[in-house]
Amino acid sequence: MSDSIYRPYLMEIEQIVEETPDVRTFRLKFRNSEEGEQFTFKAGQFGEYSVLGEGESTFCVASSPTRKGYIECTFRKAGRVTNALANLEIGDTVGFRGPYGNTFPIEQWEGKNLLYIAGGIALPPMRCVIWNSLDLREKFKDITIVYGARSVSDLVYKHELKEWGERADVKLITTVDPGGQTPDWKGEIGFVPMILEKAAPSSVNTVAILCGPPVMIKFTMPVLKKLGFQDKDIFTTLENRMKCGFGKCGRCNVGKVFVCKDGPVFSYEQLLSLPGEY
Amino acid sequence: MNNLISKAKELLEGKAVHVVIGYEAGPTGVARPAFITDPSGADMLIYDDRCVQNLAVYLTKPEVKSLGRMAIVANLPVMRSIMMLISEQQLFAESIVVLGISDKGDLLDIADIQVMQAYIEKSDLSNPARDREPLTALNKLSPGERFSYWQKELSRCIKCYACRQACPMCYCTRCTVEVNQPQWIPVQSNTLGNMEWHILRAMHLAGRCISCGECGRSCPVGIPCHLLTMHLVDQVHDYFNIYAGTSDKMSSVLSTFEPNDKESFII
Amino acid sequence: MEATRKLIRRQSLEKLYNALSETRKIYAPVMAEDKQITYCYNPSFAEVTFDHIRSTMSPKNVLFPKVENLFYYTNEKTESVISVLDLNKIPEVVLWGAHPCDAAAIDVLRSIFCWEIKDEFFAKRLEKLVVIGLSCHQSDEYCFCTSTGLAPDSKNGSDILLSRLQGGDYQAEILTEKGQSIVDSLPDLFEPVTGEQVVITEVKQKFDHRKVTEKLATSFEHPFWVSNSLRCIGCGACAYLCPTCACFDIQDETAGRKGRRYRSWDSCGFGLFTLHTSGHNPRSVQSQRWRQRIMHKFSYMPERNESLGCVGCGRCSSGCPVDMNIAEQLAALQNI
């Protein structure tokens, strides 16, 4: 554990995957192997990733805690820090502070069906819990993943989507927005809420985990309610502007909850009790 | 005073405007901006020496604009600010009603922009008397002494940006210093960075400042930063023989070339 | 520990001040040329003022400085090296002459910085701090400590609380172990109390903070947030002057290969505070930011940290260029 709560772990970039022209995934390992061995986290938590000299940026830890020795993060080039990160090469240093935040209550989901729904760049926060549940496959019943993006080139984790699609114990439905397909696209075509309604997964003994841009969530929620899902069985992650990551800088609160401490994972029931300030 | 109140009531009752921006007295006796949307609220309007805030700062705020058509109580600095905003395409002259107020507190009949321009042109547009003395005193100092003075004052600056927020001409939705690619000046407060901030602001206001003095008055730690912008008012007048806010068709003095501009520094 | 009361004569006060300044830095209020009251380090006793109502800037700088370096870094070719600061270099400091509102603010700051995870910078500065409080024999129309559950002679946050006696000497209430150890080291300066009366001003209560907290719980969507905040220009002065505001920014600053990461004061009143890189801003309008300020101090903090986020010092209202008088607004709020 760091001696100072503000000091980042120094990580080395082991692998870079260019998911889309402006999205990268980094595999990071701890430069200090002792720190790496002691490091633990749970699915759903996030960290503050930094380039020393440019600043910090908040991303989830996009790998599963069941896989030791490294952590992964996925980000889109959007501002100063993410552009600086995207210019780094294998072997360069990335600062990492974490893990912060609460976790997906995966233990409570044992014995249930899992329905993962994600859109676009919102797959990374879910990938940690998807991998986590797949690595502990026998603890869960049916696992369904519905993932959509604007176009084929916007789909992230393409090689993982292939892996998940090939597994017999996972039902994977991928879709692109109308007009986003390529001639050899074999998946669905349509917006995620429509495709979900078409797939009509059962809500009995099922937990839904939903992550996506606000507009997708707005239209997917009614579909889930129609399918019979209860508010307490739908989970999502929120994001908000953050700096410290542990509830002191006063920035990320939505009403009285701090997204960095009481989130980023919220059940829909909890979300409904929050003011519309996110 | 009664003329102002009855005029405000008339405008609101007739729905000629949806909000009258003026001044009211707070419980501690200071005057503060008021936004009257109901004719009965117009009784709260006041105008006296306590009314110093430059109300034109609200004309570019989306929350105020969303209330509807605006009438604004305008003393000379506010009128000049309105002229500047119109000349910089931030405001349409037809979208507001100007309730002009003379420095004695009498309601003026400002029917349209030409009337306002005529009133401005016959007024004294130089820096206010109370600020001319400190400006003269500062100009008498040697450059080294003056630098030390500002270094000492600006070391106290806490970068709260009250000076910027109080200024009607600082209407940029994203200020230069709030950009981080690149980060032009330090985010934190330190003497050098503070000096960079105030010099930057004074330069961005050169040819645009109308000497209301609100920047200095708003400063919570009492730095007279209005002296920097007002000094440039004098300099612009010396070089280009203009004062800001005198016409709705003014072009920016530092980015426009006139054939008869002084070229003594080149030739 | 049980508080004890002692008498300290005016001349002994000077001796106390000078004795403390031999081994510690003293942060005390002085009157500047332009009549402003500012806290500065190590003024002479003659320069220290005992007659101020409020200083311009609050003394929170002594625990939560406007800039605090978090660590230094050097970027080598691919590797970076971080050097953490040696917090033992933080000196012992005496905060002298803090009024009860400012002393109580220390508890509020602690409820933020030491909540769950301890901020080591704040914790170390607090450990090295001794607070000699000064109760108030005068107040003005901006004071509202009695509305936030405090009083002009509250003991919260002080190690020794001085109160002026009618004759001009002072009563010293020894409130904590830190305070007691100072008395033990300079016993001759502290005499037994006489029956002389302390001079404490009266601050009329303007509102009941419990009623306000209760009302706020159901007022999130109330239209008064908009009407009350139209004149707010979003300047940040209130947050920077406030002794309990602790929101901060974290930035990196580099020169060549070397640099430092620091934290500096920030304000929830700034438009940029919650702006996402995507351009989305959950609080895009000033009324939402004004609501955040009030709700955070009077609703969220009492609920989460069990600590009201305001001590009623009045700096926000007296420093506001457009008179966003917080006491006035809350007094109206509790009656809606």
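Residues numbered from 1 in each chain as written. Chains lettered and ligands numbered in written order. Predicted model: local features only at pLDDT ≥ 70, side-chain atom pairs only at ≥ 80, totals over all residues.

1. What about the overall build of chain B?
Right, so step 1: Per the secondary structure count, chain B includes 10 helices and four strands.
Right, so step 2: Secondary structure elements in chain B, listed N-terminal to C-terminal, are α-β-β-α-β-α-β-α-α-α-α-α-α-α.
Right, so step 3: Since a compact globule built from 267 residues should have a radius of gyration of about 18 Å, the 19 Å found for chain B is in line with a globular shape.
Right, so step 4: If one aligns the C-alpha atoms of chain B with their principal axes, the spans along those axes are about 60 × 45 × 40 Å.
Right, so step 5: The proportion of buried residues among the 267 residues of chain B is 39%.
Right, so step 6: Within chain B, contacts between residues separated by at least 24 positions form 66% of all contacts whose residues are at least 6 apart in sequence. (Helix = DSSP H or I, 4+ residues; strand = E, 2+ residues; numbered from the N terminus. Rg over C-alpha atoms; globule rule 2.2 N^0.38 Å. Buried ≥ 20, exposed ≤ 12 C-beta atoms within 10 Å, placed from the backbone. Contact = placed C-beta atoms within 7 Å.)

2. Details of the interface of chain C and chain B
Right, so step 1: Counting residues at the interface gives 32 residues for chain C, matched by 28 residues for chain B.
Right, so step 2: Listing elements by their share of the side of chain C that touches chain B, those giving two or more residues are helix H7 (237-241), strand S10 (248-255), strand S11 (258-265) and helix H8 (286-304) of chain C.
Right, so step 3: Of the residues that constitute the side of chain C that touches chain B, the class distribution is 14 nonpolar, 10 polar and eight charged. (Nonpolar A, V, L, I, M, F, W, Y, C, P; charged D, E, K, R; others polar.)

3. Quick notes on the sheet that holds strand S7 (residues 129-134) of chain C
Residue and element names in this part refer to chain C.
Right, so step 1: An order of S1-S9-S8-S7-S6-S2-S3 is seen for the seven strands of this open sheet, with the pairing classed as mixed. The open sheet has two edge strands, strand S1 (4-8) and strand S3 (37-41), and neither has a second partner. Recorded for the sheet is a direction-independent mean angle of 25° between the axes of neighbouring strands.
Right, so step 2: Against the sheet, helix H2 (residues 100-113) makes contact with strand S6 (93-98) and S7, and its axis sits at roughly 145° relative to S7, the strand it touches most. (Pairing = 2+ DSSP bridges. Axes fitted to C-alpha atoms, helices over the stretch in contact; angles between N-to-C directions.)

4. So, helix H6 (residues 214-226) of chain A
All names here are of chain A.
Right, so step 1: Here H6 is 13 residues long and its end C-alpha atoms lie 19 Å apart, about the 18 Å a rise of 1.5 Å per residue gives.
Right, so step 2: By the largest-angle criterion, Thr 220 marks the main kink of H6, which is about 25°, and a proline, Pro 222, follows within four residues.
Right, so step 3: Along H6, the positions that sit buried rather than exposed are Met 216, Ile 217, Thr 220 and Leu 224.
Right, so step 4: In this structure, the buried side of H6 is in contact with strand S7 (113-119), helix H5 (192-199), strand S11 (206-211) and strand S12 (234-237). (Expected span 1.5 Å × (residues − 1). Bend = angle between axes of the 7 residues up to and from the residue.)

5. As for the domain arrangement of chain A
All names here are of chain A.
Right, so step 1: Each domain of chain A was delimited in the assignment, giving domain 1 (9-100) and domain 2 (106-237).
Right, so step 2: Look at where the C-alpha atoms of domain 1 and domain 2 centre, and you get two points 24 Å apart.
Right, so step 3: Contacts between the two partners involve 14 residues from domain 1, matched on the other side by 15 residues from domain 2.
Right, so step 4: Broken down by secondary-structure element, the contributors of at least two residues to the side of domain 1 that touches domain 2 are strand S1 (9-20) and strand S5 (71-76). (Domains from an automatic or database assignment.)

6. Examining the environment of Ile113(B)
All names here are of chain B.
Right, so step 1: Tracing the chain through its elements places Ile 113 in helix H4 (residues 113-121).
Right, so step 2: With 18 C-beta atoms counted inside 10 Å, the residue Ile 113 sits in the partly exposed group.
Right, so step 3: Along the backbone, Ile 113 and Ile 82 are 31 residues apart, and their C-alpha atoms lie at a distance of 9.7 Å.
Right, so step 4: Non-local contacts of Ile 113, meaning those with residues more than four positions away in its chain, are made with Ala 93 and Asp 248.

7. Some details on the packing of helix H6 (residues 143-154) of chain B against helix H8 (residues 191-205) of chain B
Residues and elements named next belong to chain B.
Right, so step 1: Orientation of H6 relative to H8, taken along the N-to-C sense of each, is 105°, at an axis distance of 9 Å. The orientation of H6 with respect to H8, classified from their angle, is roughly perpendicular. On H8, the residues that touch Trp 150, Gln 151 and Leu 154 of H6 are Thr 191, Asn 194, Met 195 and His 198.
Right, so step 2: Tallied by class, the residues present in the contact of H6 with H8 amount to three nonpolar, four polar and no charged. (Parallel < 35°, antiparallel > 145°, perpendicular 65-115°, else oblique.)

8. Details of the sheet that holds strand S5 (residues 80-84) of chain C
Residues and elements named next belong to chain C.
Right, so step 1: Pairing is antiparallel in the open sheet, where four strands are placed in the order S5-S4-S11-S10. The outermost strands of the open sheet, each flanked by one partner alone, are S5 and S10. Neighbour to neighbour, the strand axes of the sheet diverge by 25° on average, direction disregarded.
Right, so step 2: Relative to S11, strand S4 (residues 67-75) runs antiparallel, the two being bridged by seven bridges. The residue of S11 that forms the bridge with Glu 68 is Arg 263.

9. Observations regarding the pairing of strand S8 (residues 160-164) of chain C
Residue and element names in this part refer to chain C.
Right, so step 1: Burial analysis of S8 places five of its five residues in the buried class, the great majority of the element.
Right, so step 2: The side-chain alternation of S8 yields two buried faces, one formed by Ile 160, Leu 162 and Arg 164 and the other by Leu 161 and Ser 163.
Right, so step 3: Alignment of S7 against S8, held across three bridges, turns out to be parallel. Bridged to Ile 132 within S8 is Ile 160.
Right, so step 4: Pairing analysis gives five bridges linking S8 to strand S9 (residues 170-174), with the strands arranged antiparallel. Directly across from Ile 160, in S9, lies its bridge partner Ile 174.
Right, so step 5: Hairpin remark: S8 followed by S9, antiparallel, with five residues in the connecting loop; positive phi at Gly 168, about 110°.

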